[in-house]
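# Descriptive structure summary
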Amino acid sequence: MRLDEFLTRVRDRGEFHGDDEAVQVATAVLWVVASRIPPDEAADLARDLPAPLDDALRPERGRPETFGREEFLRRVAQQTGARPRTAEWDAGAVLSTLAEAVPRERVDRLLACLPADCADLFGGPAPH
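Looking up the chain in an unreviewed UniProt entry gives the name DUF2267 domain-containing protein, with the organism given as Streptomyces lividans TK24.

Glancing now at helix α5 (residues 84-101). Here α5 spans 25 Å end to end across 18 residues, near enough to the 26 Å set by a 1.5 Å rise per residue. For α5, every residue scored as buried is listed here: A87, D90, A91, G92, A93, V94, L95, S96, T97, L98, A99 and A101.

Looking now at the side chain of R36. Mapped onto the secondary structure, R36 falls in helix α2 (residues 19-36). Buried charge without a salt bridge: R36, with D117 as the nearest opposite-charge side chain at an N-O distance of 7.6 Å. Among residues more than four places away in sequence, those in contact with R36 are P64, E65, T66, F67, C113, L114 and P115.

This next bit is on the pattern of salt bridges. Tallying each qualifying case throughout the model produces 20 salt bridges. Here R74 makes a salt bridge to E71, at a shortest N to O gap of 2.7 Å. Here E71 and R74 lie together in helix α4 (residues 69-80), a separation of 3 residues that amounts to about one turn. Judged by its relative accessible area of 42%, R74 falls in the partly exposed class. Using a relative accessible area of 23% as the deciding quantity, one classes E71 as partly exposed. Across the salt bridge formed by R75 and E71, the nearest N and O atoms sit 2.8 Å from each other. A residue pair is termed a helical-turn pair when its members lie 3 or 4 positions apart in one helix, as R75 and E71 do in helix α4 at 4 residues.

The rules behind the values
Residues numbered from 1 in each chain as written. Predicted model: local features only at pLDDT ≥ 70, side-chain atom pairs only at ≥ 80, totals over all residues. Heavy atoms only, no water. Helix = DSSP H or I, 4+ residues; strand = E, 2+ residues; numbered from the N terminus. Expected span 1.5 Å × (residues − 1). Buried < 20%, exposed > 50% of the residue type's maximum accessible area, 1.4 Å probe, protein only. Lys, Arg positive; Asp, Glu negative; His and termini not counted. Salt bridge = Lys/Arg side-chain N within 4 Å of Asp/Glu carboxyl O. Contact = heavy atoms within 4.5 Å.

Shown next, in the form of structure tokens:
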């Protein structure tokens, strides 16, 4: 998916004012994703995303951190300056677009690395 397509979908889903805000939120969400998944998964995901979004997945990090949905959303909120409920909306806008932008196999591997209760953020049903 091209950058303009990705940003249009994120902007529309997140009801952002423009591409700058969509880039800021997408970068924040991807940065938090990258802190939660193994570096090789982050690198693979980065290859499927257009610049500059891929850069958020490339920071030099060690082992992935372990944290749940609440902490995931808290970190997104911290990165964007939003409230936790808004961070949930933001994360959903980015991750549901990501699920359309990358191969399904990559999404499945990403979901396996994230807390199970984050699956709904990708636009799928919440696990039971």
